[in-house]
Amino acid sequence: MVDSKRVVKVALLGCGTVGGGVIRLLKENAAELATRIGAPVVVKRVLVRDAKKQRVPECEPGWITTDPEVVFGDSEIDLFVEVMGGENPAKSYVERALSLKKGVVSANKFMLARHGKALLAQAARAGVDLAFEASVGGGIPVIRTLREGLTSERILSIHGILNGTCNYILTRMRVEGLPFAEVLKDAQRLGYAEAEPSLDVDGHDATQKLVVLSMLAFGAQVDDKKVHVEGIRDIDELDFQFAERFGFTIKHLAIGVERGAKLELRAHAAMVPRSSVLANINGVLNGVFIRGAALGPCLLMGPGAGAMPTAVSVVADIVDVARASLEGTPGLSTRAIQPKPRELLDMTEVESRYYLRFDVNDEPGVLAVIAKALAEQSVSVEQLVQQGRGGTGATVPVVIITHQCREGSVLKAFEEVRKYKFMSVPPRLIRIEDV
Ligand code: NAP
Ligand code: HSE
């Protein structure tokens, strides 16, 4: 039953792409949300940097302030929604909201990856909730799935397309042959990219999301700066052509695998077979492929970025946090998340198949050097292609697909090959993930 005398009053910290979507969704679905919460939910304050900036039409000018004291000094606020992003002041605002014993909803994976454990502990001490569904996978309910649906399960691995911007760029580069910089501009215009887009294209956003998922999937507290990360800037037309030729497609993946006492975490571009469940998740869609010990495989997919899909996750958290508070059970879901430090597997110990590309001068003996260097490290070759014929000063790509081997062995072979003068750029390596 809806108690119209009780109203849930919300303050938004930030009103950009996501905040605007949240305000719209709260208005569009007001009646249904009131029924689901048991009381109407209204926005009362909106904190921004620039009071003059144009907002979504549903945002009332009277809500807007640039003064955090106006927001935190308003004792009527029941719940804070942090959608400003970045580490600070977002973290200090969330700490302040928790210290006021108010529930918090956040979409901020950067803050959660760096300070999730401490903020969760603060929320637990305060007896309130800190909910963060929108921090990973945009509109996909992956946090809820891990926290609730799979709470009975031991997760063995996660392979995720977790960055919508990267997936959008890689898809359009492959399908339309467009240059990286042009597609990135479109991703920014569409509201997919972070305020600082290098977080997306250099792989840090996906890494931070992987760290957040690891808290739930593996109960792990991990320093995101220690996770191996690569972006997509180096992927070029030739890599797409070879991927096609060998039956792969290129995706940016965030990967977490239980390895006994250690945890394997990494985020980088990868070749996946065209038959893979992740191969056809294109554009801004994200996909999370989870393997559980008892469940087996489970795939979630949906829009990973954008105003309205992300607002769906934020508002779902508002409903949960408000309902728990109204029913007198705040903080229950949050207290269940208790990540512990875990040691990470060194990248040299990672095992994979590899796509190796050597851009070499076309001269006799080059293939023999490369083959010998790989053989000496017991790296077995599955396929080898040399494409084209180098003219004066031109290089030709020698591409090798390896069998499963240790990354450390490939890197040692690279060191050996680099001693020769036939190659002026470092060899490149793209891991092949048979998901
Ligand atoms: P955005 O469009 O850049 O909006 C950020 C908002 O925060 C703006 O309204 C900005 O104010 C405000 N803000 C920033 N710093 C502030 C400060 N120091 N004091 C007061 N206000 C401040 O960002 P967004 O795309 O909505 O992303 C917000 C969060 O959601 C980030 O953590 C992001 O990673 C996450 N997220 C985004 C998406 C997506 O698709 N965009 C999806 C999932 C999660 P002004 O408007 O006045 O500049
Ligand atoms: N910039 C992020 C992305 C937003 O492209 O995936 C969603 O978290």
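What this report covers is the structure whose coordinates are included nearby. (Residues numbered from 1 in each chain as written. Chains lettered and ligands numbered in written order. Predicted model: local features only at pLDDT ≥ 70, side-chain atom pairs only at ≥ 80, totals over all residues. Heavy atoms only, no water.)

As for the site of ligand 1
Neighbouring ligand 1 are 24 residues; K53, R55, K109, E194 and G306 lie closest to it. A distance of 2.7 Å is found between an oxygen atom of ligand 1 and a side-chain nitrogen or oxygen belonging to K53. One of the side-chain nitrogen or oxygen atoms of E194 is found 2.7 Å away from an oxygen atom of ligand 1. Relative to its unbound accessible surface of 910 Å², ligand 1 loses 87% to contact with the protein. Looking at the shell around ligand 1 residue by residue, the class counts come to 10 nonpolar, 8 polar and 6 charged. (Near = heavy atom within 4 Å. Polar contact = N/O pair within 3.5 Å; in protein donor to acceptor, adjacent residues only side chain to side chain. Areas by Shrake-Rupley, 256 points an atom, 1.4 Å probe, with all protein chains shown as cover. Nonpolar A, V, L, I, M, F, W, Y, C, P; charged D, E, K, R; others polar.)

Quick word on the pairing of strand β10 (residues 248-259)
A regular strand carries its side chains on alternate faces of the sheet. Taking burial as the measure, the 12 residues of β10 include 10 buried ones, the bulk of the element. In terms of strand pairing, strand β7 (residues 155-161) meets β10 through 4 bridges, oriented antiparallel. Paired with I158 across the two strands is G256, which belongs to β10. With 12 bridges connecting them, β10 and strand β11 (residues 262-273) associate as antiparallel partners. From the neighbouring strand, H252 faces β11, where its bridge partner is A269. Joining the antiparallel neighbours β10 and β11 is a turn of 2 residues, in which G260 adopts a positive phi near 65°. (Buried < 20%, exposed > 50% of the residue type's maximum accessible area, 1.4 Å probe, protein only. Helix = DSSP H or I, 4+ residues; strand = E, 2+ residues; numbered from the N terminus. Pairing = 2+ DSSP bridges.)

Regarding the sheet that holds strand β2 (residues 41-47)
The 6 strands lie next to each other as β3-β2-β1-β4-β5-β6, forming an open sheet whose pairing is parallel. The two strands at the open ends of the sheet, each matched to only one other strand, are β3 (64-65) and β6 (130-131). As paired strands, strand β4 (residues 79-82) and strand β5 (residues 103-106) are joined by 4 bridges and run parallel to one another. Bridge assignment links L79 to a residue of β5, and that residue is G103.

Section: the site of ligand 2
Around ligand 2 lies a shell of 13 residues, among which K109, G164, T165, Y192 and D200 are the nearest. Within the backbone of G164, an N or O atom sits 2.7 Å from an oxygen atom of ligand 2. In this structure, a nitrogen atom belonging to ligand 2 sits 2.7 Å away from a main-chain N or O atom of Y192. Coverage of ligand 2 by the protein amounts to 93% of the 250 Å² it exposes when considered alone. Elements represented by at least two residues in the shell around ligand 2 include exactly α7 (164-176) and α10 (204-217). The residue makeup of the shell around ligand 2, split by class, is 4 nonpolar, 4 polar and 5 charged.

Topic: the pattern of salt bridges
Per the counting criterion, the structure on display carries 42 salt bridges. In this structure, E258 and R342 form a salt bridge, with 2.8 Å as the shortest nitrogen-oxygen distance. With E258 in strand β10 and R342 in the loop between β14 (340-341) and β15 (343-344), this residue pair connects regions lying 84 residues apart in the sequence. Owing to a relative accessible area of 26%, E258 belongs among the partly exposed residues under this scheme. One salt-bridge network, in which partners are shared between bridges, spans K9, K44, R45, D74 and E76. (Salt bridge = Lys/Arg side-chain N within 4 Å of Asp/Glu carboxyl O.)

Section: the packing of helix α1 (residues 17-28) against helix α2 (residues 30-37)
Interhelical geometry of α1 versus α2 gives an angle of 80° and a closest axis separation of 5 Å. By the angle class used here, α1 and α2 are roughly perpendicular. Together, L25, L26, K27 and E28 of α1 and A30, E32 and L33 of α2 make up the contact between the two elements. The residue inventory of the contact of α1 with α2, partitioned by class, reads 4 nonpolar, no polar and 3 charged. (Axes fitted to C-alpha atoms, helices over the stretch in contact; angles between N-to-C directions. Parallel < 35°, antiparallel > 145°, perpendicular 65-115°, else oblique. Contact = heavy atoms within 4.5 Å.)

Here we look at the nonpolar core
Among the nonpolar cores identified, the biggest contains 52 residues, and F80, F132, V142, L146, I158 and L213 are the most heavily contacted of them. When residues in this core are grouped by element, the largest group, 8 residues, is from α10. Leaving out residues up to four positions away in the same chain, F80 has contacts with A11, L13, V71, F72, A97, L100, K102, G103, V104 and V105. (Core = buried A, V, L, I, M, F, W, Y, C linked by side-chain atoms within 4.5 Å.)

A word on the pairing of strand β20 (residues 428-432)
Here β20 lies mainly inside the structure; 5 of its 5 residues are buried. The side-chain alternation of β20 yields two buried faces, one formed by R428, I430 and I432 and the other by L429 and R431. Where strand β16 (residues 351-361) lies against β20, 5 bridges are found, and the strand directions are antiparallel. Note that in β20 the partner of Y354 across the bridge is R431.

Some remarks on the side chain of R144
Among the structural elements, R144 can be located in helix α6 (residues 142-149). Note on R144: relative accessible area 16%, which makes it buried. Of the polar contacts made by the side chain of R144, one reaches the backbone oxygen of A316; its length is 3.4 Å. In this structure R144 touches E133, G149, A316, D317 and D320, once residues within four positions along its chain are discounted.

Some points on unusual backbone geometry
The residue after N88, namely P89, is reached through a cis peptide bond having omega 15°. Secondary-structure assignment places P89 in the loop between β4 and α4 (90-99). Positive phi is not limited to glycine here, since K101 has a value of about 60°. Topologically, K101 is positioned in the loop between α4 and β5. A relative accessible area of 55% means that K101 is categorised as exposed.

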